[in-house]
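Breakdown of the fold
Single-letter residue listing:
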Amino acid sequence: MSDFEQAKNLLLNLCTELASLFDEAKNLPGITTNPFASWQAGINQMRRHINEGLLRVAVVGAIKSGKSTFLNAFLGAEHLRRGAGVLTSIVTRINTGGPLSATLSFKNIRQINDEVNRSLVLFPGKALDTLEGPADIANPKHRAILQKALDELAADKLMASDTRNPHAVVLASLLEGFEKVQTYLGSDSGTLVLSGRDFDLHRDFVSQEKLASYLSDIALTVPEKASFKDHVEFADCQGSDSPNPMHLAKIEEYLLKAHLIIYVVSSRTGLRQADIRFLSLLKQMGLDGLIYFVLNCDLTEHSSLEDLVRVNEQAHKEIELLKPEPQIFAFSALYTLFCATSQNLPEKDKARLEQWKVEKKLLAFVEEQQAQFIELIERRLTQDRKTMLLQSHADRLAAMAVGLSQWMRFASGLAEKDSGQARGMAQTLDREAKTLTQVRSMIRDTLDGSLISAKKEMGMQVDRFLDMRHGDVVSGVRKFINDYNPDLTGLSKSDAAVSTIVYAAFQNLKNAVDGHLTHEVNPTMIRFVRTQEKEIQRLFENIGGPFGAMVREAVSRYNKALQELGLEPGLDVERSLPPVEVEQVKRQSALAVPPLASSMQYAVSIRTEAVMRSGWQSMVRGVKGLFKLSAKSPEQSRQDTLSVAVSRMKKQTEESLMDQFLDYRENLKYQYIFKLMDQVADSLWASLFERFKLFTQGSAQTFGLIEQKAEQKQNALKQMDAMQEKLTGLMKQLEDLRTAQG
């Protein structure tokens with residue numbers, strides 16, 4: 001068992017022990033309610049976070065760079081289909097430390113139908129006229145109509161050329177795969193778990209678009225390998241150079257949650273243009289500090305160590321232009337995988353492995369590079385585990401333990417007094433407790449007022465950033481659409497039906513807009529949101545300062561009253577204000593920035609308007625008419641009229657996108673920014689008054705001890721002495737744990 005696993009188990013055991021002490025304390029004579037309820041709830045929440053907290057490692061790179069091979073190598077088996085996933089939009093998550101299984105989560109029927117209807121925007125042909133409303137893939141009649149429409153499209157020459165678009169592919173895939181997956185489709189998301197001999201069937205869902213199109217998530221659980229234990233999740237992301245911008249948008253969503261990024265570059269191709277674009281995007285998103293590079297070596301391609309070193313040095317120079325002082329490790333994932341699975345290799349692969357082993361110097365180099373890489377990743381994961389899991393939770397548990405210890409010393413001191421003396425003390429302390437309660441209420445009111453004002457200002461910043469007329473983001477999208485001038489030569493030369501040409505032109509426009517949203521707008525939005533998060537951090541630190549001073553003053557008065565009564569001070573003044581941690585709040589509340597590119601539904605809006613208004617139909621009819629009436633050559637006539645059609649499409653797309661941006665702006669404010677501010681405010685409130693509340697509410701309960709008979713009080717004092725002894729040991733273990741992990 002690793003040091004981390006031992007520390008995690010110790011922390012969980014200490015949670016259980018402290019919760020047990022809270023139960024003992026609330027059952028003392030005279031304690032009629034539970035003054036420790038909030039702390040007990042905190043411990044339960046802490047247990048969940050310790051058990052659920054994942055460190056996420058994203059494995060990214062261009063298509064065919066060896067990402068799946070890399071993961072198979074370090075998981076020690078062929079869990080992932082190598083070379084698959086060119087068309088797949090699924091990020092495959094792999095969790096270590098459990099029995100072999102694959103959990104496939106399916107989209108619900110509404111999500112599938114949304115995709116179907118988005119692919120039908122301006123779909124050519126007459127077959128769809130009989131749908132009588134939005135398409136429903138669960139309706140056999142609708143599936144037949146959709147298949148007929150696809151057959152008509154496939155029969156057109158244009159769709160056999162390079163203009164065939166991913167939306168037609170998605171529709172064809174959904175229709176082809178429906179029969180196999182319909183069991184798992186419903187109003188809610190269905191789930192399929194594959195284990196044992198069925199585990200390998202998950203590969204079909206990843207590699208076959210007709211099945212992958214129905215998945216919302218795929219998660220594998222595999223046995224642990226080396227020190228990659230539980231609480232580590234690897235993600236096999238499909239190629240960053242996928243032709244579908246929405247695939248990249250899904251990768252971006254996962255990267256925002258990742259703690260570490262492993263970027264795989266093939267030694268056969270070196271850094272490609274797609275790699276440069278993607279690395280630039282990661283830099284824009286502020287994620288370049290998380291990246292470690294693997295130059296995945298094809299040992300068959302390199303005749304000598306000198307050749308591999310040359311390739312490695314060239315890759316280093318190229319990457320350094322984008323990321324200063326990159327950490328790059330050159331080794332062969334396939335060699336590692338073959339070594340791990342040598343007993344089951346086909347004869348051809350065994351021969352390759354034996355051939356590689358002849359190159360002693362080459363192997364010594366890649367094995368050393370691999371060892372350095374593993375050491376670094378293990379160290380980084382261990383450090384992140386400490387930061388995310390042990391330090392914050394151990395600190396909070398220690399604060400609870402100290403608070404309980406102080407409360408029991410106070411309660412013991414009160415119980416040792418005679419009844420008359422204790423009642424007088426109780427009246428004095430009750431007055432001070434009421435003062436503390438008043439301060440508490442005043443700070444809550446002030447905090448709520450500050451929160452209202454801060455939300456107003458933060459909301460105005462979001463409104464300015466996404467201003468529909470003058471904001472840089474929206475203006476940039478408008479400009480991109482207005483400047484979009486496709487080369488219509490290929491379309492105008494086609495003798496395909498006019499409606500087919502118009503459909504292809506619109507899908508080209510949509511792909512271009514989706515690409516702009518993914519490559520330009522998403523990173524800009526992420527930078528803005530992170531700036532707002534830092535502003536929230538600064539805001540609450542400024543708010544917390546004066547509040548902390550008020551709390552310290554009130555607590556000092558309370559402690560002074562205790563001392564004047566001959567009792568030990570109950571609260572540690574200096575520990576009354578832990579720091580505000582926005583990142584910690586985000587993790588605990590599971591808040592995530594709403595995705596932009598992948599959530600834009602502007603095509604659906606266009607589709608709705610196309611049905612409700614005659615504008616699009618008139619435009620298509622007009623195009624047809626111009627084709628017939630124009631005195632120009634057929635090719636020139638088509639190009640001119642297509643230009644008119646594209647202009648109309650651009651206008652309609654822009655209007656629809658503006659509506660989408662308005663919705664996104666409100667969603668960003670109310671579903672993320674404001675919720676985060678509420679959560680941080682509640683966290684600050686809890687930090688200020690977690691121990692303080694125990695004395696304002698728990699002290700009143702403690703006074704019940706003085707009314708007990710002498711024998712009961714003596715028993716209570718003995719019980720608290722035993723509890724203090726347990727607490728002393730518990731706090732010693734916590735302090736040792738915090739010191740060891742510091």
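Residues numbered from 1 in each chain as written. Predicted model: local features only at pLDDT ≥ 70, side-chain atom pairs only at ≥ 80, totals over all residues. Heavy atoms only, no water.

A count of helical and extended segments in the protein gives 23 helices and 9 strands. Taking all 742 residues of the protein together, the buried fraction comes to 53%. For the protein, the share of sequence-separated contacts (at least 6 apart) that also reach a separation of at least 24 residues comes to 84%. Counting only carbon and sulfur atoms, one obtains 49% of the accessible surface of the protein, whose full area is about 33100 Å². (Helix = DSSP H or I, 4+ residues; strand = E, 2+ residues; numbered from the N terminus. Buried < 20%, exposed > 50% of the residue type's maximum accessible area, 1.4 Å probe, protein only. Contact = heavy atoms within 4.5 Å. Areas by Shrake-Rupley, 256 points an atom, 1.4 Å probe, with all protein chains shown as cover.)

Turning to the pattern of salt bridges, a few remarks are in order. Two side chains of opposite charge can pair, provided their charged atoms sit close to one another. The full count for this structure, using the stated rule, is 30 salt bridges. The salt bridge involving Glu 375 is made with Arg 379; its shortest N-O contact spans 3.9 Å. Note that Glu 375 and Arg 379 are positioned in helix H14 (residues 360–415) at a spacing of 4 residues, about one turn of the helix. Judged by its relative accessible area of 47%, Arg 379 falls in the partly exposed class. A salt bridge links Lys 479 to Asp 483; the shortest N-O distance between them is 2.6 Å. Note that Lys 479 and Asp 483 are positioned in helix H16 (residues 472–483) at a spacing of 4 residues, about one turn of the helix. One network of salt bridges, in which partners are shared, links Arg 56, Arg 93, Asp 217 and Glu 233. (Salt bridge = Lys/Arg side-chain N within 4 Å of Asp/Glu carboxyl O.)

The next point concerns the packing of aromatic side chains. Counted according to the given criterion, the structure contains 16 aromatic pairs. Their ring planes at 45° and their centres at 5.6 Å tell us that Phe 22 and Trp 39 sit as a pair that is tilted. Placement of the pair is Phe 22 in helix H1 (residues 3–26) and Trp 39 in helix H2 (residues 37–52), with a sequence separation of 17 residues. Classification of Phe 22 as buried rests on a relative accessible area of 0%. Centroid distance Tyr 263 to Phe 278: 5.9 Å. Interplanar angle 40°. Geometry classified as tilted. Residue Tyr 263 is found in strand E7 (residues 260–266), and its partner Phe 278 is found in helix H10 (residues 273–284); the two are separated by 15 residues along the sequence. (Phe/Tyr/Trp six-rings, centres within 6.5 Å; stacked < 30°, edge-to-face > 60°.)

Let us now look at the pairing of strand E8 (residues 291–296). A large share of E8 lies buried, amounting to 6 of its 6 residues. Here E8 shows two buried faces, one formed by Ile 291, Phe 293 and Leu 295 and the other by Tyr 292, Val 294 and Asn 296. Following the chain from E7 across H10 to the adjacent parallel E8, one finds a crossover that is right-handed. Pairing of E8 with strand E9 (residues 328–331) involves 4 bridges; the strand directions are parallel. Residue pairing in the sheet places Val 294 in a bridge with Phe 329 of E9. Between the parallel elements E8 and E9, the chain passes through helix H11 (residues 305–320) in a crossover that is right-handed. (Right-handed = clockwise from strand over helix to strand, strands pointing away. Pairing = 2+ DSSP bridges.)

What follows concerns H11. Helix length check: H11 (16 residues) gives 22 Å between terminal C-alpha atoms against 22 Å at 1.5 Å per residue, within 8%. Every buried residue of H11 is accounted for by Asp 307, Leu 308, Val 311, Asn 312, Ala 315 and Ile 319. Buried residues of H11 fall within an arc of 135° about the axis and therefore sit on the same side. Exposed side chains of H11 directed beyond 90 degrees from the buried face belong to Glu 306 and Lys 317. (Expected span 1.5 Å × (residues − 1). Arc of directions from axis to C-beta.)

The subject of this paragraph is the packing of helix H12 (residues 333–340) against helix H13 (residues 347–357). At their nearest, the axes of H12 and H13 sit 10 Å apart, and the two run at 115° to each other. The two elements H12 and H13 cross, and the hand of that crossing is left-handed. Residues Leu 334, Tyr 335, Phe 338 and Cys 339 of H12 form the contact with H13, whose participating residues are Asp 349, Arg 352, Leu 353, Trp 356 and Lys 357. (Axes fitted to C-alpha atoms, helices over the stretch in contact; angles between N-to-C directions. Left-handed = near helix turned anticlockwise from the far one by under 90°.)

So, on to the environment of Leu 429. The residue Leu 429 is located in helix H15 (residues 419–465) in this model. On the basis of relative accessible area, Leu 429 is assigned to the buried category, the value being 0%. Along the chain, Leu 429 and Ala 561 lie 132 residues apart, while their C-alpha atoms are 7.1 Å from each other.

Attention shifts here to helix H3 (residues 67–75). Taken across its 9 residues, H3 has 9 buried, putting it largely inside the fold. All of the buried residues along H3 are Lys 67, Ser 68, Thr 69, Phe 70, Leu 71, Asn 72, Ala 73, Phe 74 and Leu 75. Gly 76 lies just past H3 and shows a positive phi near 80°.

On to the environment of Glu 318, then. Topologically, Glu 318 is positioned in helix H11. Glu 318 gets classed as partly exposed once you look at its relative accessible area, which sits at 26%. Taking the C-alpha atoms as reference points, Glu 318 and Gly 270, 48 residues apart in sequence, are found 9.0 Å from one another.

Okay, unusual backbone geometry next. For Lys 64, which is not a glycine, the phi torsion comes out positive at approximately 65°. Within the secondary structure, Lys 64 is located in the loop between strand E1 (55–60) and H3. We note that Glu 325 has phi near 50°; this positive angle belongs to a residue other than glycine. Position of Glu 325 among the secondary structure elements: in the loop between H11 and E9.

Okay, the confidence of the model for the protein next. Confidence along the protein averages 80 in pLDDT terms, with 82% of residues attaining 70 or more. Under a pLDDT of 50 for its full length, residues 159–164 has, in the predicted model, 7 contacts with residues more than four places off or in other chains. Across residues 607–618, confidence stays below pLDDT 50; counting only partners more than four residues off in sequence or on other chains, it has 15 contacts. (pLDDT = per-residue confidence, 0-100.)

If you trace the backbone, Thr 92 turns up in strand E2 (residues 92–96). Classification of Thr 92 by relative accessible area gives buried; the value is 2%. Apart from residues no more than four positions distant in its own chain, Thr 92 is found in contact with Leu 80, Val 206, Ile 218, Leu 220, Phe 234, Ala 235 and Asp 236.

In this fold, Asp 298 is placed in the loop between E8 and H11. Separated by 3.4 Å, the side chains of Asp 298 and Arg 268 make a polar contact. When sequence neighbours within four positions are dropped, the list of residues in contact with Asp 298 reads Ser 267 and Arg 268. (Polar contact = N/O pair within 3.5 Å; in protein donor to acceptor, adjacent residues only side chain to side chain.)

Take the side chain of Arg 203 next. As for its position among the elements, Arg 203 is in helix H7 (residues 202–207). On the accessibility criterion, Arg 203 (17% relative accessible area) is buried. What Arg 203 contacts, discounting residues up to four positions off in sequence, is Glu 78, His 79, Leu 80 and Arg 81.

The next thing to look at is the packing of helix H9 (residues 245–255) against helix H18 (residues 498–564). In contact at an axis separation of 8 Å, H9 and H18 are set at 25° when each is read in the N-to-C sense. Taken as axis vectors, H9 and H18 run roughly parallel relative to one another. Judged by the twist between their axes, the crossing of H9 over H18 is left-handed. Residues Pro 245, Met 246, Leu 248, Ala 249 and Glu 252 of H9 pack against Asn 511, Asp 514, Gly 515, Thr 518, His 519 and Asn 522 of H18. (Parallel < 35°, antiparallel > 145°, perpendicular 65-115°, else oblique.)

The next point concerns the sheet that holds E2. Through backbone hydrogen bonds, the strands of a sheet pair up, either in parallel or in antiparallel fashion. What the 9 strands build is an open sheet, ordered E4-E3-E5-E2-E6-E1-E7-E8-E9; its pairing is mixed. Since the sheet does not close on itself, it has two edges, and those belong to strand E4 (191–195) and E9, each with one partner. Shown here is a sheet whose adjacent strand axes are inclined to one another by a mean of 20°, direction ignored. Pairing of E2 with strand E5 (residues 215–222) involves 5 bridges; the strand directions are parallel. By the bridge assignment, Asn 95 is partnered in E5 with Thr 221. Where H10 meets the sheet, it contacts E1, E7 and E8, and its direction lies at approximately 165° from that of E7.

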